[in-house]
Amino acid sequence: MSRTIMLVPTSAGVGLTSVSMGVLRAMERKGVNVAFYKPIAQPRHGGDQPDLTSTIVGNSSDMKVGEPLPMSDVENLYGSEKVDVLLETIVERYNQVSKDAEVTLIEGLVPTRKHPFANALNAEIAKTLGAEIVFVATPGTDNPSQLKERIEVACTNYGGTKNKNISGVIINKLNAPVDEEGRTRPDLSEIFDDADTAQQANLEVMQIFNTSPIRVLGCVPWKIDLIATRAVDMAQHLNAEIINEGDIAKRRIKSITFCARSLPNMIEHFKPGSLLVTSADRPDVIVAAALAAMNGVEIGAILLTGGYDVPAEIAGLIKPALDTGLPIFKAQGNTWQTSLNLQSFSLEVPADDKERIEFVNEHVAGHIDGPWIDSLLEGTIGTRKLSPPAFRYQLTELARKAGKRIVLPEGDEPRTVKAAAICAERGIAECVLLGNPEEIKRVAAQQGVELGAGVTIIDSDAVRENYVARLVELRGSKGMTEVVAREKLQDSVYLGTMMLEANEVDGLVSGAVHTTANTIVPPFQIIKTAPGTSIVSSIFFMLLPDQVLVYGDCAINPDPTAEQLAEIAIQSADSAAAFGIEPRVAMISYSTGESGKGADVDKVREATKLAQEKRPDLIIDGPLQYDAAIMENVAASKAPNSPVAGKATVFVFPDLNTGNTTYKAVQRSADLVSIGPMLQGMRKPVNDLSRGALVDDIVYTVALTAIQSGQEQK
């Protein structure tokens, strides 16, 4: 039996889209087969534009999304007293989207002055669809007692607090900076202590609701990153002229500073994420901002007012700052007019801002009550699938439980510093940053990152001598002397590897700056392979829209023999199983079954036979062409009797040329996230990064490494 949950906003401005996205993500994490339906589109600025939540969910996931009715049609039907016709249409569309789902999430209408019928219509829709009701509220200026009273009043439209169909309430924007009218005001955020105050407010809310029949199903604290818009969105809103594009599509605005004071009184506002608004005839401000950018401070953007151009002399002087990616754009109005335009900027997440959408999804999902999500599956029958959100959530949960210490030799690299802070914040692992402590702290400050508990900084110069004797002992037979050892230990990867060898850390992650060879040669020499393992290989986790696949080997072995290929297949299958993916291994070739001839396909055929003999407990088949391995209709004609064809989860490629090309082609063409490469077969976990790695790539690689360490100990 499927379940229907309806999110009902108690007022405008509750962040309904964010809560809907977060609840959907919380369900995806648990492998729930969920569908989404917003019966009536409600664009922010009126008219019949596409509904925001429906568009975001449809673009960013593979879940089934119902088609909302245009608001103009609803207004006509409601005004003509044809509510029954409206409800029949809603039921028809609901049935289309919910028929194969375990849970269907319905998003209600937001009550506004233009749509005063929203509360009554939400109640009718909930009753008609037999939906369980979850209110969405925000404290605004209310204290916890007043918030409780307000929510209990909202229940009166739905039969009161004793109505068994009322499941509870999700409280959003906890501790958000608000004005006297209760409207969210990010410009007031600096007077709030986000961490301590949010925790205290959360506790107070939970205590107050302990005496209420309404269950709190989520308490979502406000964070500035939830509304951190891209600089390009701000420029488009102002219809501004781009002076220097830089990283305008990537830089995020977290604060706005109007540079009207003298320079010494403004320097403190020249920080990461700041939009500096100044007239172009203030060269002192422009040059000072350029100096900050050249020193590594990622200022969000500079907005010039008054319609002036930057003087040519100044433009030449600040060119090195422009080369760092500093965006500059120009508005035609004066500073006062520009400030009014900025106040009308929408804080809603744009449907094409994938990075911010992902942050909202994860942040809100992380504060939704887990037992409630689990309860939604009671009485349902379905096969759990490991979707990409479920896989990422599983990674972080397993890493938290592992509780490992991971060394990051590239300790002063900006992405690495950010990743270490995120790992600490999420409890994924304790990260050890190697390098000069002052430089690491400087890089952190430039990135707007705090390195607190959960991040350890170790001065490479202070500890290097500790490992000289041990390195000579390990590599003396290869000609290692104290002089050579000291020289080798100047390399931070060698130093991190020696820490791993000494059991001072549990794993190593490198490669954001170093090449693959720089990263893996020291561990090969010092850590060596695991007992009973003849080869080190790698896998990538490919996060397709509806499932996670494993690709191996796409990074290490150029042309493995049949024996080595069999070993890679077994390693990859075991890795897949360890991360919750049921291994069905396809040995990939240009030919399926017995149809092909030649040395290459013979190698795959022999490797398949060897792997099957060595591990009869695994489901392995080959040779299979890629399409036969992944597509059921192709498998039916090319390999009808294969236990793997059409449903493979682990793809083992015959050589590095094929594997690396395929993984990059799939990743880039389908715009997929891939996690890896994860090395297999080492005595202790070491993992390599791409030099183009994003911060999230580093975070998930740290999580993989922590989990590997825990598994190897078991």
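Parameters and conventions
- Numbering of residues starts from 1 in every chain and runs along the sequence as written.
- In view of the model being predicted, local features appear only for residues whose pLDDT reaches at least 70, and side-chain atom pairs are presented and counted only at 80 or more, with totals across whole chains, interfaces and linings using the full set of residues.
- Side-chain metrics in this entry use all non-hydrogen atoms of the structure; hydrogen atoms and water are not considered.
- UniProt positions are given in the numbering used here, feature names are shortened, and annotations may be inferred rather than shown by experiment.
- By the criteria applied, helices consist of DSSP H or I runs no shorter than four residues and strands consist of E runs no shorter than two, each listed in order from the N terminus.
- Under the scheme applied here, a residue whose accessible area is under 20% of the maximum for its type counts as buried, over 50% as exposed, and between as partly exposed, the area being computed with a 1.4 Å probe on protein chains only.
- It only takes one pair of heavy atoms within 4.5 Å for two residues to be counted as in contact.
- By the criterion applied in these results, polar contacts are pairs of N or O atoms within 3.5 Å in which, for protein atoms, one can donate a hydrogen and the other can accept it, and in which residues neighboring in sequence qualify only through two side-chain atoms.
- By the convention used here, strands pair only if DSSP detects at least 2 bridges between them.
- To obtain each axis, a line is fitted to C-alpha atoms, and for helices this fit is confined to the stretch in contact; angles are then taken between N-to-C directions over 0 to 180 degrees.

Looking up the chain in an unreviewed UniProt entry gives the name Phosphate acetyltransferase, with the organism given as Vibrio thalassae. In UniProt, the chain has this text filed under Subcellular location (unreviewed entry): "Cytoplasm".

> I'd like a rundown of the environment of Thr592, residues and numbers included.
In this structure, Thr592 sits in the loop between β20 (584-588) and α24 (599-614). Thr592 sits in the buried class, given a relative accessible area of 8%. Taking the C-alpha atoms as reference, Thr592 lies 9.8 Å from Arg605; in sequence the two are 13 residues apart. Sequence-distant contacts of Thr592, defined by excluding residues within four places in its chain, comprise Pro623, Leu624, Gln625, Ala628, Lys638 and Ala639. Within polar-contact distance, the side chain of Thr592 engages the backbone nitrogen of Gln625 at 2.9 Å.

> Can you lay out the sheet that holds strand β24 (residues 686-688) for me, pointing to particular residues and giving the numbers?
Read across the open sheet, the five strands follow the order β16-β15-β14-β17-β24; overall the sheet is parallel. The sheet is open, and its two edges are formed by β16 (455-459) and β24, each paired on a single side. With direction set aside, neighbouring strand axes in the sheet form an average angle of 25°. Across the sheet, helix α16 (residues 414-426) touches β14 (405-408), β15 (430-435) and β16, and the angle it forms with β15 is around 155°. Of the strands in this sheet, β17 (507-510) and β24 are in contact with helix α22 (residues 516-526), which crosses β24 at around 170°.

> Can you lay out the side chain of Ser572 for me, pointing to particular residues and giving the numbers?
Within the fold, Ser572 resides in helix α23 (residues 562-578). Owing to a relative accessible area of 0%, Ser572 belongs among the buried residues under this scheme. When near neighbours in sequence (up to four residues on either side) are disregarded, Ser572 contacts Ile539, Val550, Gly552, Val650 and Gln680.

> A description of the UniProt feature "domain: DRTGG" (unreviewed entry) in the chain should follow, citing residues and the corresponding values.
Residues given the UniProt feature "domain: DRTGG" (unreviewed entry) here are residues 233-344. The span residues 233-344 is 32% helical and 21% strand by assignment, and the distance between its end C-alpha atoms comes to 13 Å.

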